[in-house]
Amino acid sequence: MSVHPGKGVVATSLVQTYATGRKLWGRAEGFRAVNGVSLTIAEGETLGIVGESGSGKSTLGRMIAGIEAPTGGSVTFWGEHYARVGTPQWRSQRRQVQVVFQNPAAVVDPRWTIHAQVREALTTHERLASSEADDRAQAMLVMVGLGTMGRRLPHQLSGGQLQRAVIARALVLHPRLVVCDEAVSALDVSVQAQIINLLLELRERLNLSLMFISHDLSVVRHISHRVGVMHNGELLEIGDSAALFDNPRHAYTRRLLSAIPADTPRKRKQRDAAAVRFVTTPPKTPIQP
Ligand SMILES: Nc1ncnc2c1ncn2[C@@H]1O[C@H](COP(=O)(O)OP(=O)(O)O)[C@@H](O)[C@H]1O
Ligand SMILES: [Mg+2]
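Only a predicted model underlies this, so the values are computations on that prediction, with no experimental measurement involved. (Residues numbered from 1 in each chain as written. Chains lettered and ligands numbered in written order. Predicted model: local features only at pLDDT ≥ 70, side-chain atom pairs only at ≥ 80, totals over all residues. Heavy atoms only, no water.)

**Q** Could you give an account of the site of ligand 1, naming the residues involved and the relevant values?
**A** All residues in the neighbourhood of ligand 1 are listed as Y18, F31, A33, E52, S53, G54, S55, G56, K57, S58, T59 and R62. Here ligand 1, which alone exposes 560 Å², has 60% of that area covered by the protein. For the shell around ligand 1, the elements supplying multiple residues, two or more each, are β2 (27–41) and α1 (57–65). (Near = heavy atom within 4 Å. Areas by Shrake-Rupley, 256 points an atom, 1.4 Å probe, with all protein chains shown as cover. Helix = DSSP H or I, 4+ residues; strand = E, 2+ residues; numbered from the N terminus.)

Right, here's the structure in full:
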């Protein structure tokens, strides 16, 4: 299993061990939050990651994004290993991978306008004339549907609008990879659909690779080309989205599917009412089997 050499992400045998504090025979006992996970994400591909709370999804996402170094195994990002913190190569890698979390209010500065925050992300990485920075920040806000809201402060936006602002701030740098960790989980179903449609649209326009982590399978299903199932730190199975959902190989995946939380009739109706147009077009670079 491989992606085009030098393009996309290749993770090999990733392990993350956290100290538990307890000692066994004088040696600190470690807890393996992620235990030997290998996967690839091609350029332009969306890989969904599902699994119950505590299965290691976020830990895996942090290692893939290079925020946290693995205890074992390796990640290559467009052919390079993640560089040591603080080096010039690290700085350049930092703009190429962005992470969007569940709670947008926690990651914005409450005193700054939305426009200022998007602009600041840009000027941190690029030396730009003031007017150009303004224009590019504004263009990005237009792209996420907040063209008229740049002057607002975070508390003047709804949860969905604030998540759009966070997405604008992440994407203004034109990253290669965006890791979305429960990025829509806190939003109403109709707003979830809007944000997912936005991500699908931006994925096409910017040729993004996405790692889309969620405990909500019904969300992951529609946005992902392939889906991986995490359980107790391990990747139980990974495969083409439709095939995995229609014909799960693992008993655990079948159990997970039969318990899809957001697919109650009421939620399905809400989703339809929101006129969701989920599209999963193939990524531009072919995915290897
Ligand atoms: N920084 C950390 N220190 C210690 N334990 C952690 C840390 N991060 C996660 N864990 C533990 O690792 C396991 C997996 O967590 P996580 O990756 O957050 O799972 P998920 O995102 O699937 O809910 C959990 O048991 C969690 O308590
Ligand atoms: Mg998590």
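**Q** Could you give me a rundown of the pattern of salt bridges, with the residues and numbers involved?
**A** Pairs can form between side chains of opposite charge once their charged atoms are near each other. Enumeration over the complete set of coordinates arrives at 10 salt bridges. With its nearest N and O atoms 2.6 Å apart, the salt bridge here joins E68 to R62. Of the residues examined, E68 reaches a relative accessible area of 19% and is grouped as buried. By relative accessible area, R62 is classed as partly exposed at 26%. Residues participating in the shared-partner salt-bridge network are R95, E126, E132 and R136. (Salt bridge = Lys/Arg side-chain N within 4 Å of Asp/Glu carboxyl O. Buried < 20%, exposed > 50% of the residue type's maximum accessible area, 1.4 Å probe, protein only.)

**Q** Report on the sheet that holds strand β7 (residues 177–181), specifying residues and quantitative values.
**A** With mixed pairing, the 6 strands of this open sheet are ordered in space as β6-β7-β8-β3-β9-β10. The open sheet is flanked by β6 (97–100) and β10 (234–240), the only strands paired with a single partner. Strand-to-strand twist of the sheet, defined as the mean angle between neighbouring strand axes without regard to direction, takes the value 15 degrees. Across 5 bridges, the pairing between β7 and strand β8 (residues 209–213) is parallel. Counterpart to V178 in the pairing with β8 is L210. Seen against the sheet, α1 touches β3 (46–50), β6, β7, β8 and β9 (226–231) and runs at an angle of roughly 160 degrees to β8. (Pairing = 2+ DSSP bridges. Axes fitted to C-alpha atoms, helices over the stretch in contact; angles between N-to-C directions. Contact = heavy atoms within 4.5 Å.)

**Q** Residues and numbers for helix α5 (residues 159–171), please.
**A** Along its 13 residues, α5 runs 18 Å from first to last C-alpha, staying within 8% of the 18 Å computed at 1.5 Å per residue. Within α5, 10 of the 13 residues are buried, which leaves it mostly tucked inside the rest of the structure. Restricting attention to buried positions, one finds in α5 the residues G160, L162, Q163, R164, A165, V166, I167, A168, A170 and L171. Against β6, α3 (114–125), α4 (130–143), β7 and α6 (189–206) lie the buried residues of α5. (Expected span 1.5 Å × (residues − 1).)

**Q** Account for the pairing of β10, naming residues and giving values.
**A** Across 6 bridges, the pairing between β9 and β10 is antiparallel. Note on β10: the bridge partner recorded for G228 is I238. Here β9 folds back onto β10 in antiparallel fashion, the turn holding 2 residues, of which N232 has a positive phi close to 50 degrees.

**Q** If you had to explain the packing of α3 against α4 to someone new, which residues and values would you point to?
**A** Here α3 crosses α4 at 120 degrees, and the two axes come no closer than 9 Å. Relative to α4, α3 is oriented so that their crossing is right-handed. Packed against α3, whose contacting residues are I114, H115, V118, R119, L122 and T123, the element α4 presents S130, A133, D134, R136, A137, Q138, M140 and L141 at the interface. Residues of the contact of α3 with α4, tallied by class, amount to 7 nonpolar, 4 polar and 3 charged. (Left-handed = near helix turned anticlockwise from the far one by under 90°. Nonpolar A, V, L, I, M, F, W, Y, C, P; charged D, E, K, R; others polar.)

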